[in-house]
Amino acid sequence: MAGIEIDDTTADTLQTLANTTGLPLDAYLAQVAAEKRRERALDEGAEIFRQVTSGPETVAAFDAE
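Along every chain, residues carry numbers that run from 1 in the direction the sequence is written. Given that the model is predicted, a residue must reach a pLDDT of at least 70 before its local features are reported, and side-chain atom pairs must reach 80 or more before they are shown or counted; all residues, however, enter totals for whole chains, interfaces and linings. Side-chain measures here rest on the full set of heavy atoms in the structure, leaving out hydrogens and waters.

K.L.:
Hey, could you run me through the overall build of the protein in this one?
P.N.:
Per the convention used, a helix needs a DSSP run of H or I reaching at least four residues, while a strand needs a run of E reaching at least two, with both numbered from the N terminus. In terms of helices and strands, the protein carries three helices and zero strands. Secondary structure of the protein in N-to-C order comes out as α-α-α. Each radius of gyration is computed over the set of C-alpha atoms, and the globule rule expresses the reference value as 2.2 Å times the number of residues to the power 0.38. A globule of 65 residues ought to have a C-alpha radius of gyration of about 11 Å, yet the protein, at 20 Å, is considerably larger. A principal-axis box enclosing the C-alpha atoms of the protein has dimensions of 60 × 25 × 20 Å. Any residue under 20% of the maximum accessible area for its type is buried, any over 50% is exposed, and the rest in between are partly exposed; the area is computed with a 1.4 Å probe on protein chains only. The burial tally for the protein puts 6% of its 65 residues in the buried class.

K.L.:
Teacher, can you tell me more about the packing of helix 1 (residues 8-21) against helix 2 (residues 25-53) here?
P.N.:
How two helices sit against one another is set out by the angle between their axes and by the gap between those axes. Remark: helix 1 packs on helix 2, axes separated minimally by 9 Å, with the N-to-C direction vectors making an angle of 90°. On the basis of the axis angle, helix 1 is roughly perpendicular to helix 2. Residues L14, Q15, L17, A18 and T21 of helix 1 form the contact with helix 2, whose own contacting residues are L25, Y28 and L29. Three categories are distinguished: nonpolar for Ala, Val, Leu, Ile, Met, Phe, Trp, Tyr, Cys and Pro, charged for Asp, Glu, Lys and Arg, and polar for the others, with Gly belonging to the last. When its residues are assigned to classes, the contact of helix 1 with helix 2 shows six nonpolar, two polar and no charged. What counts as an axis is a line fitted to C-alpha atoms, over the stretch in contact for a helix, and the angles between N-to-C directions run from 0 to 180 degrees. Just so you know how the angles are binned, under 35 degrees is roughly parallel, over 145 roughly antiparallel, 65 to 115 roughly perpendicular, and the rest oblique. Here, two residues are considered to be in contact whenever any of their heavy atoms come within 4.5 Å of each other.

All we've got here are geometric facts, nothing functional implied.
Structure representation (structure tokens):
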């Protein structure tokens, strides 16, 4: 794993958060990264949905079905 440098305050905060979940820091950070990827995918999907459903012709076609 590549090393990264972060300030002591951030490192302490992350370690405390990991401790509260009962996970080692690396596993906690992997979990956070996975959650953030899911959040981004959901946000992107919601934006695409809004774009697709914003057209009146799309709404009319949906209602017709």
